[in-house]
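# Observations on the model geometry
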Amino acid sequence: MSPSPRTFDRTHTDDLAAFVQAGPSPYHVVAAVAARLEAAGFRRLAETDAWDDAPGGKYVLRGGAVIAWYVPAGARPETPFRVVGAHTDSPNLRVKPRPDMGTAGWRQVAVEIYGGPLLNSWLDRDLGVAGRLALRDGSTTLVDVHRPLLRVAQLAVHLDRGVNDGLTLDRQRHLQPLWGLGEAHDGDLVGFLAGEAGVDPDDVTGWDLMAHDVQPPAYLGRDGELLASPRLDNLLSVHACTAALIAAAASGDELEAIPVLAAFDHEENGSQSDTGAQGPLLGNVLERSVHSRGGGYEERLRALAGTVCVSSDVGHAVHPNYTEKHDPTHHPRANGGPILKTNVNQRYATDGRGRAVFAAACEAAGVPFQHFVSNNAMPCGTTIGPITSARHGITTVDVGVPILSMHSARELCGADDPGYLASALSAFLTA
(Lines give C-alpha, C1' and ligand atoms only; values in the text may rest on other atoms or scores of the structure.)
Protein backbone atom coordinates (compact mmCIF):
# COMPACT_ATOMS: atom_id res chain seq x y z
CA MET A 1 0.00 0.00 0.00
CA SER A 2 1.32 3.45 -0.87
CA PRO A 3 1.88 5.94 1.94
CA SER A 4 -0.78 8.59 2.46
CA PRO A 5 -0.07 11.84 0.62
CA ARG A 6 1.88 14.33 2.70
CA THR A 7 -0.11 17.35 3.82
CA PHE A 8 1.12 20.87 4.54
CA ASP A 9 -0.28 24.37 4.68
CA ARG A 10 -0.22 25.54 1.07
CA THR A 11 -1.67 28.99 1.76
CA HIS A 12 1.58 30.90 1.35
CA THR A 13 2.81 28.79 -1.59
CA ASP A 14 -0.53 29.09 -3.39
CA ASP A 15 -0.25 32.86 -3.01
CA LEU A 16 3.32 32.76 -4.32
CA ALA A 17 2.11 30.95 -7.43
CA ALA A 18 -0.49 33.66 -8.04
CA PHE A 19 2.19 36.34 -7.48
CA VAL A 20 4.51 34.73 -10.03
CA GLN A 21 1.71 34.60 -12.58
CA ALA A 22 1.05 38.30 -12.02
CA GLY A 23 4.75 39.18 -12.45
CA PRO A 24 6.04 38.27 -15.94
CA SER A 25 8.25 41.39 -15.95
CA PRO A 26 9.84 43.56 -13.23
CA TYR A 27 7.26 46.27 -14.01
CA HIS A 28 4.41 43.86 -13.37
CA VAL A 29 6.14 42.64 -10.21
CA VAL A 30 6.29 46.11 -8.64
CA ALA A 31 2.67 46.73 -9.67
CA ALA A 32 1.67 43.52 -7.87
CA VAL A 33 3.67 44.55 -4.78
CA ALA A 34 2.08 48.01 -4.84
CA ALA A 35 -1.42 46.52 -5.00
CA ARG A 36 -0.71 44.41 -1.92
CA LEU A 37 0.76 47.37 -0.06
CA GLU A 38 -2.23 49.56 -0.91
CA ALA A 39 -4.58 46.87 0.38
CA ALA A 40 -2.59 46.88 3.64
CA GLY A 41 -2.97 50.65 4.04
CA PHE A 42 0.35 51.84 2.62
CA ARG A 43 0.36 54.98 0.49
CA ARG A 44 2.51 55.85 -2.48
CA LEU A 45 4.90 58.80 -2.31
CA ALA A 46 6.23 60.61 -5.36
CA GLU A 47 9.96 61.28 -5.36
CA THR A 48 9.28 64.80 -6.65
CA ASP A 49 7.02 65.71 -3.69
CA ALA A 50 7.97 66.83 -0.19
CA TRP A 51 7.64 63.98 2.30
CA ASP A 52 5.98 64.22 5.70
CA ASP A 53 6.88 62.43 8.92
CA ALA A 54 3.43 60.95 9.58
CA PRO A 55 3.47 57.39 10.96
CA GLY A 56 2.27 54.57 8.72
CA GLY A 57 3.18 52.62 5.62
CA LYS A 58 4.68 54.31 2.56
CA TYR A 59 6.28 53.21 -0.69
CA VAL A 60 8.08 54.55 -3.75
CA LEU A 61 8.08 53.04 -7.24
CA ARG A 62 10.73 53.63 -9.86
CA GLY A 63 10.67 51.49 -12.99
CA GLY A 64 11.12 47.87 -11.92
CA ALA A 65 12.06 48.73 -8.32
CA VAL A 66 10.03 49.39 -5.17
CA ILE A 67 11.08 50.63 -1.73
CA ALA A 68 8.47 50.40 1.03
CA TRP A 69 8.65 51.10 4.74
CA TYR A 70 6.49 51.46 7.85
CA VAL A 71 7.09 54.24 10.38
CA PRO A 72 5.67 53.45 13.84
CA ALA A 73 4.32 56.26 15.99
CA GLY A 74 7.07 57.68 18.16
CA ALA A 75 9.88 56.80 15.74
CA ARG A 76 12.82 59.16 16.22
CA PRO A 77 15.13 60.52 13.51
CA GLU A 78 17.87 58.15 14.67
CA THR A 79 15.61 55.06 14.83
CA PRO A 80 17.39 52.28 12.92
CA PHE A 81 15.98 50.36 9.97
CA ARG A 82 15.51 46.65 9.43
CA VAL A 83 15.72 45.99 5.68
CA VAL A 84 14.70 42.95 3.66
CA GLY A 85 16.10 43.07 0.13
CA ALA A 86 15.49 41.14 -3.09
CA HIS A 87 15.41 41.67 -6.85
CA THR A 88 12.54 41.76 -9.34
CA ASP A 89 14.32 40.68 -12.55
CA SER A 90 14.99 37.19 -13.93
CA PRO A 91 17.22 35.94 -16.78
CA ASN A 92 15.27 35.85 -20.04
CA LEU A 93 15.03 36.90 -23.69
CA ARG A 94 14.40 40.63 -24.23
CA VAL A 95 13.00 42.29 -27.34
CA LYS A 96 15.39 44.45 -29.36
CA PRO A 97 14.62 48.03 -30.53
CA ARG A 98 13.93 46.76 -34.08
CA PRO A 99 12.17 43.48 -33.32
CA ASP A 100 10.60 42.51 -36.64
CA MET A 101 12.64 40.02 -38.63
CA GLY A 102 12.04 36.93 -40.69
CA THR A 103 13.70 34.11 -42.60
CA ALA A 104 12.45 31.52 -45.11
CA GLY A 105 8.80 32.49 -44.73
CA TRP A 106 8.81 32.59 -40.92
CA ARG A 107 8.08 35.79 -39.00
CA GLN A 108 10.44 36.15 -36.05
CA VAL A 109 11.18 38.49 -33.15
CA ALA A 110 14.72 39.79 -32.60
CA VAL A 111 15.74 39.23 -28.99
CA GLU A 112 18.78 39.92 -26.81
CA ILE A 113 19.98 37.67 -23.98
CA TYR A 114 19.37 39.21 -20.54
CA GLY A 115 21.45 37.99 -17.63
CA GLY A 116 22.75 34.43 -17.61
CA PRO A 117 19.88 32.11 -18.53
CA LEU A 118 20.17 28.39 -19.19
CA LEU A 119 19.66 28.90 -22.91
CA ASN A 120 18.50 25.36 -23.68
CA SER A 121 15.63 25.75 -21.19
CA TRP A 122 14.03 28.32 -23.52
CA LEU A 123 13.81 25.89 -26.44
CA ASP A 124 10.44 24.49 -27.53
CA ARG A 125 8.47 26.36 -24.88
CA ASP A 126 5.25 28.32 -25.32
CA LEU A 127 6.26 31.92 -24.62
CA GLY A 128 4.30 35.08 -24.01
CA VAL A 129 5.53 38.67 -24.14
CA ALA A 130 5.28 41.19 -21.31
CA GLY A 131 6.73 44.50 -20.19
CA ARG A 132 5.91 48.16 -20.63
CA LEU A 133 5.23 50.49 -23.54
CA ALA A 134 6.43 54.10 -23.35
CA LEU A 135 4.00 56.59 -24.87
CA ARG A 136 4.51 59.90 -26.61
CA ASP A 137 3.29 61.88 -23.59
CA GLY A 138 5.97 60.33 -21.33
CA SER A 139 3.68 57.88 -19.59
CA THR A 140 4.02 54.10 -19.63
CA THR A 141 1.49 51.29 -19.79
CA LEU A 142 1.89 47.63 -18.93
CA VAL A 143 1.27 44.89 -21.47
CA ASP A 144 1.13 41.12 -20.96
CA VAL A 145 0.29 38.60 -23.65
CA HIS A 146 -0.10 35.66 -21.28
CA ARG A 147 -0.76 33.03 -23.91
CA PRO A 148 1.39 31.13 -26.41
CA LEU A 149 2.78 33.69 -28.85
CA LEU A 150 6.48 32.88 -29.41
CA ARG A 151 8.56 29.72 -29.70
CA VAL A 152 12.29 29.12 -30.05
CA ALA A 153 12.17 25.95 -32.13
CA GLN A 154 15.01 23.48 -31.69
CA LEU A 155 16.58 21.79 -34.69
CA ALA A 156 15.37 18.21 -35.16
CA VAL A 157 17.76 15.43 -34.16
CA HIS A 158 17.68 14.17 -37.77
CA LEU A 159 19.44 17.40 -38.82
CA ASP A 160 21.89 17.43 -35.91
CA ARG A 161 22.86 13.85 -35.18
CA GLY A 162 25.40 14.84 -32.53
CA VAL A 163 23.04 17.04 -30.51
CA ASN A 164 22.78 14.55 -27.63
CA ASP A 165 26.56 14.52 -27.32
CA GLY A 166 26.66 18.26 -26.77
CA LEU A 167 24.28 21.09 -27.68
CA THR A 168 25.87 24.35 -28.81
CA LEU A 169 23.61 27.37 -29.23
CA ASP A 170 24.76 30.50 -31.05
CA ARG A 171 23.22 33.38 -29.10
CA GLN A 172 22.58 35.41 -32.23
CA ARG A 173 21.43 32.77 -34.73
CA HIS A 174 19.70 30.09 -32.72
CA LEU A 175 17.58 31.92 -30.16
CA GLN A 176 15.38 34.21 -32.27
CA PRO A 177 11.80 33.02 -31.64
CA LEU A 178 9.19 32.65 -34.35
CA TRP A 179 5.69 34.00 -34.03
CA GLY A 180 4.00 33.29 -37.33
CA LEU A 181 4.22 32.92 -41.09
CA GLY A 182 4.69 35.45 -43.83
CA GLU A 183 6.82 38.48 -44.54
CA ALA A 184 8.09 40.58 -41.64
CA HIS A 185 7.21 44.29 -41.59
CA ASP A 186 8.58 46.99 -39.30
CA GLY A 187 6.08 47.82 -36.58
CA ASP A 188 4.23 44.49 -36.65
CA LEU A 189 5.11 43.35 -33.13
CA VAL A 190 4.72 46.69 -31.38
CA GLY A 191 1.51 47.37 -33.28
CA PHE A 192 0.14 44.04 -32.10
CA LEU A 193 1.19 44.69 -28.50
CA ALA A 194 -0.27 48.21 -28.58
CA GLY A 195 -3.58 46.66 -29.56
CA GLU A 196 -3.30 44.19 -26.68
CA ALA A 197 -2.65 47.11 -24.30
CA GLY A 198 -5.47 49.22 -25.75
CA VAL A 199 -3.31 52.12 -26.94
CA ASP A 200 -2.71 53.71 -30.34
CA PRO A 201 0.39 52.19 -31.98
CA ASP A 202 1.37 55.66 -33.21
CA ASP A 203 1.64 56.79 -29.56
CA VAL A 204 4.22 54.10 -28.70
CA THR A 205 7.72 55.57 -28.85
CA GLY A 206 9.67 53.05 -26.74
CA TRP A 207 9.38 49.72 -24.97
CA ASP A 208 10.93 47.34 -22.46
CA LEU A 209 9.63 43.91 -23.43
CA MET A 210 10.60 40.34 -22.66
CA ALA A 211 9.54 36.76 -23.30
CA HIS A 212 8.19 34.57 -20.51
CA ASP A 213 7.08 30.97 -20.08
CA VAL A 214 3.28 30.87 -19.96
CA GLN A 215 3.05 27.48 -18.22
CA PRO A 216 1.68 28.21 -14.74
CA PRO A 217 3.38 27.14 -11.49
CA ALA A 218 2.47 23.64 -10.36
CA TYR A 219 2.99 21.32 -7.42
CA LEU A 220 5.23 18.39 -8.34
CA GLY A 221 6.12 15.03 -6.84
CA ARG A 222 4.30 12.07 -5.42
CA ASP A 223 3.00 14.08 -2.48
CA GLY A 224 3.08 17.52 -4.10
CA GLU A 225 5.99 18.51 -1.89
CA LEU A 226 7.78 20.48 -4.62
CA LEU A 227 6.89 23.61 -6.59
CA ALA A 228 7.85 23.99 -10.28
CA SER A 229 7.60 27.57 -11.48
CA PRO A 230 9.13 30.23 -13.68
CA ARG A 231 10.97 33.14 -12.06
CA LEU A 232 11.48 31.67 -8.60
CA ASP A 233 14.76 33.58 -8.93
CA ASN A 234 13.84 35.90 -7.45
CA LEU A 235 10.09 36.45 -7.17
CA LEU A 236 10.04 33.87 -4.38
CA SER A 237 12.04 36.34 -2.27
CA VAL A 238 10.14 39.46 -3.39
CA HIS A 239 6.90 37.77 -2.40
CA ALA A 240 8.27 36.65 0.98
CA CYS A 241 9.70 40.12 1.69
CA THR A 242 6.38 41.78 0.82
CA ALA A 243 4.44 39.40 3.07
CA ALA A 244 6.94 39.99 5.88
CA LEU A 245 6.69 43.79 5.64
CA ILE A 246 2.88 43.72 5.67
CA ALA A 247 2.93 41.38 8.67
CA ALA A 248 5.43 43.65 10.46
CA ALA A 249 3.28 46.71 9.79
CA ALA A 250 0.45 44.99 11.62
CA SER A 251 2.59 45.26 14.77
CA GLY A 252 2.28 49.04 14.49
CA ASP A 253 3.69 51.04 17.40
CA GLU A 254 5.30 47.98 19.01
CA LEU A 255 8.12 48.08 16.44
CA GLU A 256 11.52 49.18 17.72
CA ALA A 257 12.99 49.60 14.24
CA ILE A 258 11.54 50.79 10.93
CA PRO A 259 10.90 47.78 8.66
CA VAL A 260 11.84 48.30 5.00
CA LEU A 261 11.36 46.35 1.78
CA ALA A 262 13.91 47.05 -0.98
CA ALA A 263 13.20 45.19 -4.24
CA PHE A 264 15.67 46.20 -6.96
CA ASP A 265 15.85 45.65 -10.70
CA HIS A 266 18.87 44.58 -12.82
CA GLU A 267 20.52 42.23 -10.30
CA GLU A 268 20.99 39.65 -13.01
CA ASN A 269 23.31 41.94 -14.97
CA GLY A 270 25.25 43.61 -12.17
CA SER A 271 22.80 46.02 -10.47
CA GLN A 272 24.30 49.06 -12.21
CA SER A 273 21.27 51.24 -12.92
CA ASP A 274 19.14 53.87 -11.24
CA THR A 275 16.81 51.06 -10.13
CA GLY A 276 19.56 48.57 -9.22
CA ALA A 277 21.19 47.97 -5.86
CA GLN A 278 24.25 49.96 -6.95
CA GLY A 279 22.05 52.98 -7.63
CA PRO A 280 21.05 55.68 -5.15
CA LEU A 281 17.40 54.73 -4.64
CA LEU A 282 17.57 52.95 -1.27
CA GLY A 283 20.02 55.46 0.20
CA ASN A 284 17.87 58.37 -0.94
CA VAL A 285 14.74 56.87 0.60
CA LEU A 286 16.39 56.12 3.95
CA GLU A 287 17.95 59.59 4.09
CA ARG A 288 14.68 61.33 3.24
CA SER A 289 12.89 59.22 5.84
CA VAL A 290 15.33 60.44 8.51
CA HIS A 291 15.05 64.06 7.33
CA SER A 292 11.25 63.94 7.23
CA ARG A 293 11.36 63.12 10.97
CA GLY A 294 13.52 66.13 11.71
CA GLY A 295 16.93 64.44 11.50
CA GLY A 296 20.13 65.61 9.88
CA TYR A 297 23.56 64.24 9.03
CA GLU A 298 24.27 62.98 12.56
CA GLU A 299 20.91 61.25 12.96
CA ARG A 300 21.20 59.59 9.54
CA LEU A 301 24.55 58.06 10.43
CA ARG A 302 23.25 56.93 13.81
CA ALA A 303 20.25 55.29 12.14
CA LEU A 304 22.42 53.47 9.59
CA ALA A 305 24.87 52.33 12.28
CA GLY A 306 22.03 50.40 13.93
CA THR A 307 20.52 49.13 10.68
CA VAL A 308 20.61 45.47 9.59
CA CYS A 309 19.72 44.13 6.13
CA VAL A 310 18.72 40.61 5.13
CA SER A 311 19.39 40.12 1.42
CA SER A 312 17.21 37.30 0.13
CA ASP A 313 17.94 35.47 -3.12
CA VAL A 314 17.57 31.84 -4.11
CA GLY A 315 20.53 29.47 -3.69
CA HIS A 316 21.56 26.01 -4.82
CA ALA A 317 19.95 22.91 -3.37
CA VAL A 318 22.16 19.83 -3.57
CA HIS A 319 21.55 18.20 -6.96
CA PRO A 320 21.10 14.41 -6.74
CA ASN A 321 22.77 13.84 -10.13
CA TYR A 322 25.71 16.18 -9.51
CA THR A 323 26.57 15.97 -5.82
CA GLU A 324 30.26 16.42 -6.67
CA LYS A 325 29.52 20.01 -7.72
CA HIS A 326 28.61 20.92 -4.14
CA ASP A 327 30.68 21.40 -1.00
CA PRO A 328 30.87 17.95 0.62
CA THR A 329 29.82 19.17 4.08
CA HIS A 330 27.12 21.62 2.94
CA HIS A 331 24.18 19.97 1.17
CA PRO A 332 21.08 22.21 1.43
CA ARG A 333 17.92 20.20 0.88
CA ALA A 334 14.46 21.16 -0.34
CA ASN A 335 12.01 21.78 2.53
CA GLY A 336 14.92 22.00 4.97
CA GLY A 337 14.34 25.69 5.54
CA PRO A 338 16.08 28.83 4.24
CA ILE A 339 19.84 28.85 3.72
CA LEU A 340 22.44 31.18 5.23
CA LYS A 341 24.93 31.96 2.45
CA THR A 342 28.58 32.47 3.34
CA ASN A 343 31.63 33.32 1.22
CA VAL A 344 34.81 34.59 2.88
CA ASN A 345 35.70 36.54 -0.27
CA GLN A 346 32.56 38.64 0.19
CA ARG A 347 30.57 37.36 -2.75
CA TYR A 348 28.00 37.08 0.03
CA ALA A 349 27.94 39.66 2.82
CA THR A 350 27.24 37.26 5.71
CA ASP A 351 29.61 37.31 8.68
CA GLY A 352 29.33 35.88 12.19
CA ARG A 353 27.17 38.76 13.43
CA GLY A 354 24.81 38.41 10.49
CA ARG A 355 24.50 34.68 11.02
CA ALA A 356 23.55 35.30 14.64
CA VAL A 357 20.85 37.80 13.64
CA PHE A 358 19.23 35.45 11.14
CA ALA A 359 19.56 32.40 13.38
CA ALA A 360 17.72 34.31 16.10
CA ALA A 361 14.96 35.23 13.63
CA CYS A 362 14.55 31.60 12.54
CA GLU A 363 14.45 30.47 16.16
CA ALA A 364 11.81 33.07 17.00
CA ALA A 365 9.74 31.95 14.01
CA GLY A 366 10.19 28.24 14.74
CA VAL A 367 11.77 27.78 11.31
CA PRO A 368 14.68 25.42 10.48
CA PHE A 369 17.61 26.84 8.53
CA GLN A 370 20.61 25.47 6.65
CA HIS A 371 24.09 26.66 5.64
CA PHE A 372 25.42 27.13 2.13
CA VAL A 373 28.97 27.62 0.86
CA SER A 374 30.26 26.93 -2.63
CA ASN A 375 32.59 24.10 -3.52
CA ASN A 376 36.11 25.59 -3.38
CA ALA A 377 36.73 24.47 -6.97
CA MET A 378 33.63 26.31 -8.28
CA PRO A 379 33.18 30.07 -8.76
CA CYS A 380 30.70 31.61 -6.35
CA GLY A 381 27.77 33.72 -7.46
CA THR A 382 26.78 36.94 -5.74
CA THR A 383 23.72 38.99 -4.77
CA ILE A 384 22.63 42.48 -3.82
CA GLY A 385 23.97 41.76 -0.30
CA PRO A 386 27.63 42.84 -0.68
CA ILE A 387 26.56 45.87 -2.75
CA THR A 388 24.04 46.99 -0.13
CA SER A 389 26.48 46.46 2.71
CA ALA A 390 29.31 48.38 1.05
CA ARG A 391 27.22 51.19 -0.41
CA HIS A 392 25.33 52.01 2.78
CA GLY A 393 27.68 50.75 5.47
CA ILE A 394 25.14 48.48 7.10
CA THR A 395 25.38 44.98 8.52
CA THR A 396 24.03 42.58 5.88
CA VAL A 397 23.36 38.84 5.83
CA ASP A 398 22.66 36.83 2.65
CA VAL A 399 19.94 34.19 2.81
CA GLY A 400 17.55 32.43 0.44
CA VAL A 401 15.66 29.29 -0.48
CA PRO A 402 17.51 26.33 -2.04
CA ILE A 403 16.31 25.47 -5.55
CA LEU A 404 17.23 23.31 -8.53
CA SER A 405 17.48 24.49 -12.17
CA MET A 406 18.51 28.03 -11.21
CA HIS A 407 18.33 30.41 -14.20
CA SER A 408 16.20 27.94 -16.14
CA ALA A 409 12.97 29.13 -17.71
CA ARG A 410 11.37 26.89 -15.07
CA GLU A 411 12.86 26.28 -11.63
CA LEU A 412 12.11 23.95 -8.71
CA CYS A 413 11.91 24.41 -4.92
CA GLY A 414 10.45 22.71 -1.89
CA ALA A 415 6.83 23.73 -1.37
CA ASP A 416 7.36 24.42 2.35
CA ASP A 417 10.42 26.63 1.97
CA PRO A 418 8.75 29.84 0.71
CA GLY A 419 6.58 29.94 3.83
CA TYR A 420 9.56 29.20 6.06
CA LEU A 421 11.42 32.13 4.51
CA ALA A 422 8.51 34.55 4.92
CA SER A 423 8.09 33.58 8.58
CA ALA A 424 11.80 34.09 9.28
CA LEU A 425 11.82 37.48 7.52
CA SER A 426 8.75 38.58 9.47
CA ALA A 427 10.45 37.64 12.74
CA PHE A 428 13.56 39.54 11.65
CA LEU A 429 11.60 42.72 10.88
CA THR A 430 9.80 42.68 14.22
CA ALA A 431 12.76 41.67 16.45
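Here is a short report on the structure shown in this document. Numbers given for residues are sequential positions, taken from 1 along each chain in its written order. Side-chain atom pairs in this predicted model are given and counted only at pLDDT of 80 or more, local residue features only at pLDDT of at least 70, and totals for whole chains, interfaces and linings cover all residues. The side-chain numbers reported here are obtained from all heavy atoms of the structure, hydrogens and water having been left aside.

In this section: helix α4 (residues 232-249). A run of DSSP states H or I qualifies as a helix once it reaches four residues; a run of E qualifies as a strand once it reaches two. Both are numbered from the N-terminal end. Take the residue count of a helix, subtract one, and multiply by 1.5 Å to get its expected span. The end-to-end C-alpha distance of α4 is 25 Å, a good match for the 26 Å that 18 residues give at a rise of 1.5 Å each. Within α4, 15 of the 18 residues are buried, which leaves the element mostly enclosed by the surrounding structure. Relative accessibility decides the category of a residue: with a 1.4 Å probe and only protein chains considered, values under 20% of the type maximum give buried, values over 50% give exposed, and everything between is partly exposed.

Moving on, we get to the sheet that holds strand β14 (residues 308-312). Here we have 9 strands laid out as an open sheet, ordered β1-β2-β3-β13-β4-β14-β18-β16-β17, and mixed in their pairing. The open sheet has two edge strands, β1 (43-44) and β17 (370-372), and neither has a second partner. Relative to β14, strand β4 (residues 81-87) runs parallel, the two sharing 4 bridges. The residue of β14 that forms the bridge with R82 is V308. We call two residues in contact whenever any of their non-hydrogen atoms come within 4.5 Å of each other. Every angle, taken between N-to-C directions, lies between 0 and 180 degrees, and every axis is a line fitted to C-alpha atoms, over only the stretch in contact when it is a helix. Relative to strand β18 (residues 395-400), helix α7 (residues 352-365) is tilted by about 60°, and along the sheet it contacts β4, β14, β16 (339-341), β17 and β18. Should DSSP find at least two bridges between two strands, the strands are regarded as paired.

Turning our attention to a negative patch on the surface. On the surface, a cluster of negative charge is made up of D137, D200, D202 and D203. Within the secondary structure, D203 sits in the loop between α3 (188-197) and β10 (204-213). Think of a patch as exposed residues, more than 30% relative accessible area, with no salt bridge, where like charges cluster within 9 Å and nonpolar side chains (Val, Leu, Ile, Met, Phe, Trp, Tyr) cluster within 5 Å. The Shrake-Rupley method, run with a 1.4 Å probe sphere, supplies the accessible areas, and residue values consider only the shown protein chains as cover. A pair is scored as a salt bridge if a Lys or Arg side-chain nitrogen falls within 4 Å of a carboxyl oxygen belonging to Asp or Glu. We treat Lys and Arg as the positive residues and Asp and Glu as the negative residues; His and chain ends play no part in the count. Charged groups are reduced to one reference atom each: NZ for lysine, CZ for arginine, CG for aspartic acid, CD for glutamic acid.

This part is about the pattern of salt bridges. Applying the stated criterion across every chain, the model contains 17 salt bridges. With a closest N to O distance of 3.7 Å, D126 and R151 form a salt bridge. Here R151 lies in the loop between β8 (140-150) and β9 (178-181) and D126 lies in the loop between β6 (106-114) and β7 (127-135), a separation of 25 residues in the sequence. Using a relative accessible area of 32% as the deciding quantity, one classes R151 as partly exposed. When salt bridges with common partners are traced through the structure, they connect R43, D52 and K58 into a single cluster.

Let us now look at the packing of aromatic side chains. Classification of ring pairs rests on two measures: the distance between centres of Phe, Tyr or Trp rings, Trp counted by its six-membered ring, which must be within 6.5 Å, and the angle between planes, read as stacked under 30 degrees, edge-to-face over 60 and tilted in between. Applying the stated criterion to the full structure yields 4 aromatic pairs. For the ring pair Y348 and F372, a centre distance of 6.4 Å and an interplane angle of 65° mean the geometry is edge-to-face. In this pair, Y348 is assigned in the loop between β16 and α7 and F372 in strand β17, connecting sequence segments 24 residues apart. Across the pair, exposure class does not vary: Y348 and F372 are buried alike. For the cation-ring pair, R94 lies above Y114, with the distance from its terminal atom to the ring centre recorded as 3.6 Å. A ring is scored as having a charge over it whenever the NZ atom of a lysine or the CZ atom of an arginine sits within 6 Å of its centre and within 35 degrees of its normal.

When you line up the elements, T88 lands in the loop between β4 and β5 (92-103). In this structure T88 touches P26, V29, V30, G64, L235, V238, A263, F264 and D265, once residues within four positions along its chain are discounted.

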